[in-house]
Amino acid sequence: MAIVEVIIIVLFGVFVRITNPANLSTMFSTVFPLYQDMNVMMLIGFGFLMAFSKSFSWSSVTYTFFINALIIQLYILLNGFWQRAVVDGFNSSNYYIYINEKTFAYALHASASMFVCMGAFVGRVGPLELLIISLVHIFVYTVNEVICIYKIQAFDVGGGMTVHTFGAYAGVTASLLLSASSRPTGKPKSNYFSNLFALIGTLFLWMFFPSFNFGYGYTSTTQYTQTQVVTNTIISLTGSCLATFITSAYLKEKFTMSHILNATISGGVVMGSVAGIIVHPSAAITIGFLIGIVSTVALHFLTPYLEKKFGLYDTCGIHSSFGLPGLLGGILSAIAAASFNYPTAYDAYGLSSTNFPFYDTLVTHPFRQGGLQIAATFTSLGFGVAAAIVSGILVRFVHDFGSNEIFNDGVYF
Amino acid sequence: MAIVEVIIIVLFGVFVRITNPANLSTMFSTVFPLYQDMNVMMLIGFGFLMAFSKSFSWSSVTYTFFINALIIQLYILLNGFWQRAVVDGFNSSNYYIYINEKTFAYALHASASMFVCMGAFVGRVGPLELLIISLVHIFVYTVNEVICIYKIQAFDVGGGMTVHTFGAYAGVTASLLLSASSRPTGKPKSNYFSNLFALIGTLFLWMFFPSFNFGYGYTSTTQYTQTQVVTNTIISLTGSCLATFITSAYLKEKFTMSHILNATISGGVVMGSVAGIIVHPSAAITIGFLIGIVSTVALHFLTPYLEKKFGLYDTCGIHSSFGLPGLLGGILSAIAAASFNYPTAYDAYGLSSTNFPFYDTLVTHPFRQGGLQIAATFTSLGFGVAAAIVSGILVRFVHDFGSNEIFNDGVYF
Amino acid sequence: MAIVEVIIIVLFGVFVRITNPANLSTMFSTVFPLYQDMNVMMLIGFGFLMAFSKSFSWSSVTYTFFINALIIQLYILLNGFWQRAVVDGFNSSNYYIYINEKTFAYALHASASMFVCMGAFVGRVGPLELLIISLVHIFVYTVNEVICIYKIQAFDVGGGMTVHTFGAYAGVTASLLLSASSRPTGKPKSNYFSNLFALIGTLFLWMFFPSFNFGYGYTSTTQYTQTQVVTNTIISLTGSCLATFITSAYLKEKFTMSHILNATISGGVVMGSVAGIIVHPSAAITIGFLIGIVSTVALHFLTPYLEKKFGLYDTCGIHSSFGLPGLLGGILSAIAAASFNYPTAYDAYGLSSTNFPFYDTLVTHPFRQGGLQIAATFTSLGFGVAAAIVSGILVRFVHDFGSNEIFNDGVYF
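Everything quoted here is computed from the prediction, not taken from an experiment.

1. Quick notes on the overall build of chain A
Counting its secondary structure elements, chain A contains 16 helices and two strands. Taken over C-alpha atoms, the radius of gyration comes to 21 Å for chain A, in line with the 22 Å a tight globule of 413 residues would show. Each principal axis of the C-alpha atoms in chain A carries an extent, and together these give about 60 × 60 × 35 Å. Taking all 413 residues of chain A together, the buried fraction comes to 65%.

Printed below as a string of structure tokens:
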């Protein structure tokens, strides 16, 4: 690991520079608070969400901390590399990677995809295994991101495809592959206070999801798109929150904490790709409400079924709270793009290409863009599965984690 | 509940639209971080402040989460409706409700008033009772808000009247009415860690109160008013924090955790109406220090007295930490308005109508404005009591919560 | 204490005013979110970091809360006084102290220096002793700050000298002096959940350190310097985080929680002075990684050695996590200033005096500025030691804390 870090430092020395002052936009005061919100989502949000069991809370939080720092560094290098390799082409006179005011917000999207992935098997791997999975993950993440955004040119403002779909199916695949060697004999035990800590995680994820969906992807952000993405995400999240409570109460006559911890945020996940396309708040509230029902029902029936049938020990129910919402969000973004209705939207909202960057594309080629949205969704799913298979093979060589060590902090602390 | 949500979705479809890009101001980068601060105040602040007892921490936090999502949706619809009914008048050609960059900040003020209310009886109602109280509450809140701000034209930048006075007296009344059917036999039990969680809640409320007081109400926000409201609120909060510790140590020779949890934030509550009027930091520090003493003394003597004498089981001591500070803040805002001294203020501060939106009104009609501040304060108090009486009657019909279930999470989890 | 507060209120009345609207810049929307981040660092960050032991978590968090409020008030008065006494000169026609949009961010730097100090002996002093130490501390802090920034004219954007070096060596000295009267007989006991609370503290400090380093000190902040300071701090923090985990695992074959809690943030401390000078990200990552190793090794070997040899009971290992990084950061800032390479830097980065405020000084007098950086570092160290000696003498007169009360909340709650 120390060697990896020395290599990173040398590569930073050779390639990474702060961007030229002349190329900095005036976005800093807008982007920086969003970056800090996303920062809280990573370390407090994901960290404590995964700490719901008192037997591996320390591992969940500290490994999240470690992996987050590593991914920020690697994202800068790898994104710079792939952007040259796939998009810009290499240029012998200027081989620098430039850091600007948006770089770190992008890097945290990469972190998020790793934490979504990690949620599917947290507690079942040791730090060395996790390190290998993370290295493979960030490598494949940066390839997939460049392909989906720059080659396929999908609209994915909040990383519905590149973060959630990619991360969740990578995690599910890795979780399945791990079952061959480390199959848990019991459930992770949570207690009263560990669930309160996990609630802190869920609440910060829920609160700051609008920052996450908005912090990314626009080449030019306008007042309108800011308001649009934030409004759609907030409204969708209120829908999924209410749907989770209603569905949970209906299913068991009581509220189930694991539903509240996981399904409430599905309304943010599902908006990942679609928040920048839909312009009607009632679409956002409807989608959010329905995905909350889907996610809660899936947590209740599908997650135990997959565990029993396929040995998918999905620790945090990632498939139900991130996988399905990400996938359905990608498909919805295709439908939304294909059905983008030019004259109606224009009349009702005063949209134009100056205030709505996707306008021209959506008006001229709605069906083509719909197809690209589908293509990018399944490209992300495929790359996610591929990343997990590669890391699953590599992990076999280290395997530092016995079955009796599952869900147990004490081994490494 | 599912039916309520379907109705909300349909109403969103018919009436709610994102505002026209041409009507968006450039305030997004200023307002959004404030909105996120307020978001943290709602779910972490109020949620965990009410979680001080380990026997109903889960209920406090999760019900806060649920109610917050519901109120955001209902506020958009109801505020839009009442604004048309009372202020703008209905217009057959344009019946839309527009969401802009400030809408969600306003909605969280409505949430806050419900959580202030809820603090007076949390742990003594079940989710169905709470749902009914919330529906009545938001309905009356939006009426009162439109009347106080647009009809009476009171200055209430931080919701001292519409949020705190309204919410606290609604809660106190509801708490009294509930005593008929669900009278607690003991105190809620707190333990070492549940009080630490509650401290997280208090600290976030204390830290982000400046964002709460500033996020609201100005049609035009100027550099000066931003600095004025934030400065007054921060300074008042430091005063109330110090006063609480000093008074608490004086009263019992030790610090009392319930004083620290509740009275320290009274300096933010008291600034709700007055922060936008006073221009002198020494007024803010004096008011904050005195209200901290008042609130701590009230928590120590008045809250137990009211419980013993009138059966007012005020779980979080809301009357002392939000009710009195809100009420006194309203009266202070009347005094401040009436004593606004034109030439002195002008000379010392360089104020004018361009940098201080209240300037013209305060200079030309200080006494009239003072009267309006008093009127709006007691209007809010009255509407709060009325809301609680209505919901108190409705709650009798469901009553899902027996006396033996008080302060006990286990019934619903 | 009540008397102190009355004096503060009177002094506010006589001297403190909100600055004239004409003198407010348009920085509010940039500065306020940074202020709120720093606020969270003070009360949640430092408060909970020091709450790692369940026997004095309440004291740590509540005393932090109290001291923070006191220091904000006193900083405004004392900084105003010393700025007149040392820099501007007294002026009979305008004796006011003006509060502007940056005042409270500066005040929180003063709070931070007190909490760094407090970490070296938290749990071993009662509230009265702490009050005396705080009063002396803020008095000396404001002198040192004015001397370092305005007289010596050191570059110290994030308070590497004035906050961390000053605070840490004040704390270490005070801790040593306290050992004469209150020498702990055992270690503070932490448990599973108290360490999770402390992790929340560490994570918020780690996340918001870029806001802390950037919120201060520039007369004119440019797009470039914002990006520069934030980038350097984030990258350095990722380095120190990784170095801590790697070193901790190497030292004990397991991760040690106290290393993770304290050494991970050393990458932010070390950037305090140097983040505004270096322009190369690889310097930041290298410095961060090395200081993480230094800090972890120091926590593992040096802290126990100093305790055994000199009776330095450094509760939070402040000397290793803030003292050494602050001191080394000051020395590094001297080296960076002295080696500032004019033509190279200019060519590669397009820097000029308009986008980089330190540019002219660093280009014309690099060696002189290097000397000034060293001078300010050791001035801060000296003032810190002096402050602790004065408060150490004064504390002898009250001594409200017996040896048997060490690390025990129950005495005051």
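Having seen the structure, we can now continue with the description.
2. Let's talk about the nonpolar core
Core analysis: the largest hydrophobic core is formed by 466 residues, its most contacted members being I71 and Y75 of chain A, I71 and Y75 of chain B together with I71 and Y75 of chain C. Here Y75 of chain B is in contact with Y106, A107, A110, I138 and T142 of chain B, once residues within four sequence places are set aside.

3. Brief notes about the interface of chain B and chain C
Taken residue by residue, the interface counts 41 residues in chain B and 41 residues in chain C. If you list the elements that add at least two residues to the side of chain B that touches chain C, you get α2 (28–49), α7 (192–214), α8 (223–252), α9 (257–263), α12 (281–310) and α14 (342–349) of chain B. The element best represented in the side of chain B that touches chain C is α8 of chain B, accounting for 13 residues. A class-by-class count of the residues in the side of chain B that touches chain C yields 26 nonpolar, 13 polar and two charged.

4. Some remarks on the relation of the copies chain B and chain C
Of the transformation superimposing chain B on chain C, the axial component is 0.0 Å and the angular component is 120°, with the fit at an RMSD of 0.0 Å. Between the two chains, the operation in question is that of a three-fold axis. Within chain B, the C-alpha atom positioned nearest to the axis of rotation is that of P33 of chain B, 3.8 Å from it. Looking at chain B, a mere 7% of its interface residues are interface residues in chain C too, so the copies touch through different faces.

5. Points about the relation of the copies chain B and chain A
The transform that puts chain B on chain A rotates by 120° and translates by 0.0 Å along the axis, for an RMSD of 0.0 Å. Of the residues that chain B buries at the interface, just 7% are likewise interface residues in chain A, meaning the two copies contact each other through different surfaces.

6. Here we look at helix α1 (residues 2–15) of chain C
Residues and elements named next belong to chain C. For α1, spanning 14 residues, the distance from its first C-alpha to its last is 20 Å, which sits close to the expected 20 Å at 1.5 Å a residue. For α1, every residue scored as buried is listed here: I8, L11 and F12. All buried residues of α1 lie within an arc of 105° about the axis, which places them on one face of the element. Opposite its buried face, α1 presents the exposed residues I3, V6, I7, V10 and V14, each directed more than 90 degrees away.

7. Quick notes on the interface of chain B and chain A
Each partner contributes residues to the interface: chain B has 41 residues there, and chain A has 41 residues. Listing elements by their share of the side of chain B that touches chain A, those giving two or more residues are α1 (2–15), β1 (16–18), α2, α3 (57–88) and α7 of chain B. Taken together, the residues of the side of chain B that touches chain A break down into 27 nonpolar, ten polar and four charged.

8. Some details on the packing of helix α2 (residues 28–49) of chain C against helix α3 (residues 57–88) of chain C
Residue and element names in this part refer to chain C. Between α2 and α3, whose axes approach to 8 Å, the crossing angle comes to 145°. Along this stretch, α2 crosses α3, giving a crossing that reads as right-handed. Contacts from M42, L43, F46, G47 and F48 in α2 reach S60, V61, T64, F65 and N68 in α3.

9. Let's talk about the packing of helix α5 (residues 127–151) of chain A against helix α6 (residues 160–178) of chain A
Residues and elements named next belong to chain A. Where α5 meets α6, the closest approach of the two axes is 11 Å, and the angle between their N-to-C directions is 145°. Considering the relative orientation of α5 and α6, their crossing is right-handed. Judged by residue contacts, I133, H137, Y141, N144, E145 and C148 of α5 engage M161, T162, F166, A170 and A174 from α6. Of the residues in the contact of α5 with α6, the class split is seven nonpolar, three polar and one charged.

10. Brief notes about the environment of F209 of chain B
All names here are of chain B. Summarising the element assignment, F209 is placed in helix α7. Overall, F209 belongs to the buried group, with 28 C-beta atoms counted inside 10 Å. The sequence separation of F209 and M41 amounts to 168 residues, and the corresponding C-alpha distance is 8.0 Å.

11. Focus on the confidence of the model for chain A
All names here are of chain A. Looking at chain A as a whole, the pLDDT averages 88, with 94% of positions reaching at least 70. Of all secondary-structure elements in chain A, the lowest mean pLDDT belongs to helix α14 (residues 342–349), at 64, while helix α10 (residues 266–269) reaches the highest, 96. Predicted complex, confidence summary: ipTM 0.93, pTM 0.95.

12. So, unusual backbone geometry
Backbone geometry places Q153 of chain A, a non-glycine residue, at a positive phi of 60°. Judged by the 15 C-beta atoms lying within 10 Å of it, Q153 of chain A is partly exposed. In the Ramachandran plot, E253 of chain B falls in the positive-phi region, its phi being about 65° despite a non-glycine side chain. Checked against the element boundaries, E253 of chain B lands in the loop between α8 and α9. E253 of chain B sits in the exposed class, given 8 other C-beta atoms within 10 Å.

13. Focus: the environment of L328 of chain A
Residues and elements named next belong to chain A. Its place among the elements puts L328 in helix α13 (residues 318–338). A residue is classified by how many C-beta atoms lie within 10 Å of it, and L328, with 23 of them, is buried. Residues L328 and T165, spaced 163 residues apart in sequence, show a C-alpha to C-alpha distance of 9.3 Å. Beyond its immediate sequence surroundings of up to four residues, L328 is in contact with V270 and I291.

14. Some details on the environment of E5 of chain B
Position of E5 of chain B among the secondary structure elements: in helix α1. Assessed through the 19 C-beta atoms surrounding it within 10 Å, E5 of chain B is described here as partly exposed. Sequence separation between E5 of chain B and L74 of chain B is 69 residues, and the spatial gap between their C-alpha atoms is 9.7 Å. Once residues within four sequence positions are removed from consideration, E5 of chain B is found in contact with L242 and F289 of chain A.

What counts, and where the lines are drawn
- Residues numbered from 1 in each chain as written.
- Chains lettered and ligands numbered in written order.
- Predicted model: local features only at pLDDT ≥ 70, side-chain atom pairs only at ≥ 80, totals over all residues.
- Helix = DSSP H or I, 4+ residues; strand = E, 2+ residues; numbered from the N terminus.
- Rg over C-alpha atoms; globule rule 2.2 N^0.38 Å.
- Buried ≥ 20, exposed ≤ 12 C-beta atoms within 10 Å, placed from the backbone.
- Core = buried A, V, L, I, M, F, W, Y, C linked by C-beta atoms within 7 Å.
- Contact = placed C-beta atoms within 7 Å.
- Nonpolar A, V, L, I, M, F, W, Y, C, P; charged D, E, K, R; others polar.
- Least-squares fit on C-alpha atoms with pLDDT ≥ 70 in both.
- Expected span 1.5 Å × (residues − 1).
- Arc of directions from axis to C-beta.
- Axes fitted to C-alpha atoms, helices over the stretch in contact; angles between N-to-C directions.
- Left-handed = near helix turned anticlockwise from the far one by under 90°.
- pLDDT = per-residue confidence, 0-100.

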